[in-house]
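Each chain, letter by letter, is given below.
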Amino acid sequence: MFKVVTARFNSEDGDKIKEETPAEKLFKCPRCSASCDYDELEKNMWVCPSCGYHGRMNAADRLAITADSGSFVEYDKGMTSLNPIDFPDYQEKISSLREKTGLNEAVITGECTIKGERCIIGIMDSHFMMASMGSVVGEKITRAFERAAEKKLPLILFTASGGARMQEGLVSLMQMAKTSGAAARLSQAGGLYITVITDPTTGGVTASFASLGDIIIAEPKVLIGFAGRRVIEGTIKQRLPEDFQSAEFMLENGFVDMITERKNMRHTLAHLIRLHKPYTPDGKDVTNG
């Protein structure tokens, strides 16, 4: 999708890594093809030390680098998907993914503090069916909006998705309207909604709640779009720019408000929450009072 980053580890360092580290413990960057140890990658917040590629994170790791330690209280943890259109082997696949990922569904939601600032948070996990949006994902996100309005807390959603979940058919498409309506109600209540777009955010998620944030933040070089490049080019019969659907392209064209590196994300979110805090006439903080 984007211009290939050509920076690599020099051959001497690369050979040293291969000699000392078993192949299964190496991470090969999908952008620059450089290799590094997974321990080093984890210490660097899953960002490639060679080219700065922001790798995909699971929800637990994302939560650990964002929320204050011990502050997270999860909502709707036991909510699980059914099989509304009797899609073959769907329940078996869901059960397998629950065991593999430790998640019941592709998003976790709850309440936490970020540098002492209370908020509602939702994190989509692409390791669970590419974080596709089915009935449970839509319901949990809708409830997060509703709780944010009820508790007068800001809502932060980390998006990462391949779009609507085809195994739930029309039920999955209905979640677009459902989550968009909930976002509108939070806005009408005067609540703050921040979207953090991570790699990739596509399809029905982009076309609904991911694009409705009061403030839209993206990690560097992430993929943001609705339909794929080939589909669009085939429809309009034109060649698209090389950086089309990248975060940088979206920033230049006004879809994204800012691009923030992962190492600065926690500070940025806390700062934005403080800037938009509601206060009572006597100066009392509504969120932390």
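Note that the coordinates shown come from a computational prediction; the quantities given were computed from them, not determined experimentally. Counting of residues starts from 1 at the beginning of each chain's written sequence and follows it residue by residue. Reporting in this predicted model follows two pLDDT cut-offs: at least 70 for local features of residues, and 80 or more for side-chain atom pairs to be given and counted; totals over whole chains, interfaces and linings ignore these cut-offs and use all residues. Excluding hydrogens and water, the side-chain figures rest on all heavy atoms present in the structure.

### A few points about the pattern of salt bridges
If the charged atoms of two oppositely charged side chains come close together, the side chains can form a pair.
Stage number 1. When a carboxyl oxygen of Asp or Glu is within 4 Å of a side-chain nitrogen of Lys or Arg, the pair counts as a salt bridge. For the structure on display, the rule yields 18 salt bridges.
Stage number 2. When the shortest N-O distance is used, the salt bridge between Lys178 and Glu139 registers 2.4 Å. Taken together, the positions of Lys178 in helix 6 (residues 169–188) and Glu139 in helix 5 (residues 135–151) put the pair 39 residues apart, joining distant regions of the chain.
Stage number 3. Each residue is placed in one exposure class: buried if its accessible area under a 1.4 Å probe, protein chains only, is under 20% of its type's maximum, exposed if it is over 50%, and partly exposed if it falls in between. Take Lys178: its relative accessible area is 31%, and that puts it in the partly exposed class.
Stage number 4. Glu139 gets classed as partly exposed once you look at its relative accessible area, which sits at 21%.
Stage number 5. The residue Arg229 makes a salt bridge to Glu233 at a minimum N-O spacing of 3.4 Å. Of this pair, Arg229 and Glu233 are both found in helix 8 (residues 229–236), 4 residues apart, which corresponds to roughly one turn of the helix.
Stage number 6. When salt bridges that share partners are traced, they join Asp76, Glu139, Arg143, Arg147 and Lys178 into one network. Helix and strand labels come from DSSP, where a helix needs a run of H or I of at least four residues and a strand needs a run of E of at least two; each type is numbered from the N terminus.

### Looking at the environment of Ala106
Stage number 1. Looking at the element boundaries, Ala106 is found in the loop between helix 4 (90–101) and strand 4 (107–114).
Stage number 2. What makes Ala106 buried here is its relative accessible area of 0%.
Stage number 3. Sequence-wise, Ala106 and Ile123 are 17 residues apart; in three dimensions their C-alpha atoms are separated by 8.5 Å.

### Observations regarding helix 3 (residues 59–66)
Stage number 1. Among the residues of helix 3, those classed as buried are Ala59, Arg62, Leu63 and Thr66. All buried residues of helix 3 project into a common sector of 100° when viewed along the axis, lining one side. Helix 3 presents Ala60 and Ala64 as exposed residues on the side facing more than 90 degrees away from its buried surface.
Stage number 2. In this fold, the buried residues of helix 3 make contact with strand 4, strand 5 (117–124), strand 6 (155–161), strand 7 (193–201) and helix 10 (262–275).
Stage number 3. Pairing of N or O atoms within 3.5 Å defines a polar contact, subject to two protein rules: one partner must be a possible hydrogen donor and the other a possible acceptor, and residues neighboring in sequence count only if both atoms are side-chain atoms. Between the side-chain oxygen of the N-cap and the backbone nitrogen of Ala60 there are 3.2 Å, and the N-cap of helix 3 in question is Asn58. It is the directions from the helix axis to the C-beta atoms that the arc portrays. Whether two residues touch is decided by their heavy atoms; if any such pair falls within 4.5 Å, the residues are in contact.

### Considerations on the nonpolar core
Generally speaking, a soluble globular protein has its nonpolar side chains buried in company with each other.
Stage number 1. Phe145, Leu155, Ile156, Ile194, Phe209 and Leu269 are the most contacted members of the largest nonpolar core, which totals 49 residues.
Stage number 2. Once residues lying within four places of it in the same chain are set aside, the contact partners of Phe209 are Met124, Met133, Ile141, Phe145, Leu157, Thr159, Thr179, Ser180, Tyr193 and Thr195.
Stage number 3. Only buried Ala, Val, Leu, Ile, Met, Phe, Trp, Tyr and Cys residues count toward a nonpolar core, and they belong to the same one when joined by side-chain atoms within 4.5 Å. If you look at the next biggest cluster of nonpolar residues, it comprises 12 residues, including Ile197, Ile216, Val222 and Ile224.

### Examining the side chain of Glu233
Stage number 1. Judged by its relative accessible area of 15%, Glu233 falls in the buried class.
Stage number 2. Contact partners of Glu233, with chain neighbours within four places excluded, come to Gln238, Arg239 and Leu240.

### Describing the packing of aromatic side chains
Stage number 1. When the centres of two rings from Phe, Tyr and Trp lie within 6.5 Å, Trp using its six-membered ring, the rings pair. Their planes under 30 degrees apart give stacked, over 60 give edge-to-face, and anything left gives tilted. The full count for this structure, using the stated rule, is 4 aromatic pairs.
Stage number 2. Chaining the aromatic ring pairs together yields one cluster made of Phe27, Tyr38 and Trp46.
Stage number 3. Against the face of Tyr75 rests Arg147, its NZ or CZ located 4.2 Å from the ring centre. Sitting over a ring, as applied to charges here, requires NZ of Lys or CZ of Arg to be within 6 Å of the ring centre and within 35 degrees of the ring normal.

### Focus: the packing of helix 3 against helix 10
Stage number 1. Lines fitted to C-alpha atoms define the axes here, with helix axes fitted over just the stretch in contact, and angles between the N-to-C directions of these axes take values from 0 to 180 degrees. Running from N to C, helix 3 and helix 10 cross one another at 60°; their axes reach a closest spacing of 9 Å. In terms of orientation, helix 3 lies oblique with respect to helix 10. Residue-level inspection shows Arg62, Ile65 and Thr66 of helix 3 in contact with helix 10, the latter providing Arg262, Arg266 and Leu269.
Stage number 2. Each residue gets one label: Ala, Val, Leu, Ile, Met, Phe, Trp, Tyr, Cys and Pro are nonpolar, Asp, Glu, Lys and Arg are charged, and the others, such as Gly, are polar. Its residues assigned to classes, the contact of helix 3 with helix 10 shows 2 nonpolar, 1 polar and 3 charged. Angular relationships are summarised with four words: roughly parallel below 35 degrees, roughly antiparallel beyond 145, roughly perpendicular across 65 to 115, and oblique for the angles in between.

### A word on a nonpolar patch on the surface
Stage number 1. There is a patch of nonpolar side chains on the surface, built from Leu170, Leu173 and Met174 and spanning about 330 Å² of accessible area.
Stage number 2. For Leu173, the location among the structural elements is in helix 6. In this analysis, a patch consists of residues with relative accessible area above 30% that form no salt bridge, clustered at 9 Å for like charges and at 5 Å for the nonpolar side chains Val, Leu, Ile, Met, Phe, Trp and Tyr. Residue-level accessible areas treat just the shown protein chains as cover; the underlying method is Shrake-Rupley with a 1.4 Å probe.

### A word on unusual backbone geometry
Stage number 1. In this structure, the amide linkage connecting Asp199 to the following residue, Pro200, adopts the cis form with an omega of -10°.
Stage number 2. Of note in this structure, Trp46 is not a glycine but carries a positive phi near 60°.
Stage number 3. With respect to the helices and strands, Trp46 occurs in the loop between helix 2 (38–43) and helix 3.
Stage number 4. With relative accessibility at 18%, the residue Trp46 sits in the buried group.
Stage number 5. Phi is positive for Lys237, which is not a glycine, with a value near 60°.
Stage number 6. Following the sequence through the fold, Lys237 ends up in the loop between helix 8 and helix 9 (247–252).
Stage number 7. Residue Lys237 is classed as exposed on the basis of its relative accessible area of 68%.

### Examining the environment of Met258
Stage number 1. Topologically, Met258 is positioned in strand 9 (residues 258–259).
Stage number 2. By relative accessible area, which is 25% here, Met258 ends up partly exposed.
Stage number 3. The sequence separation of Met258 and Ile215 amounts to 43 residues, and the corresponding C-alpha distance is 8.4 Å.
Stage number 4. In contact with Met258, other than residues within four places in its own chain, are Ile215, Ile216, Ile217, Ala218, Leu251, Thr268 and Leu272.

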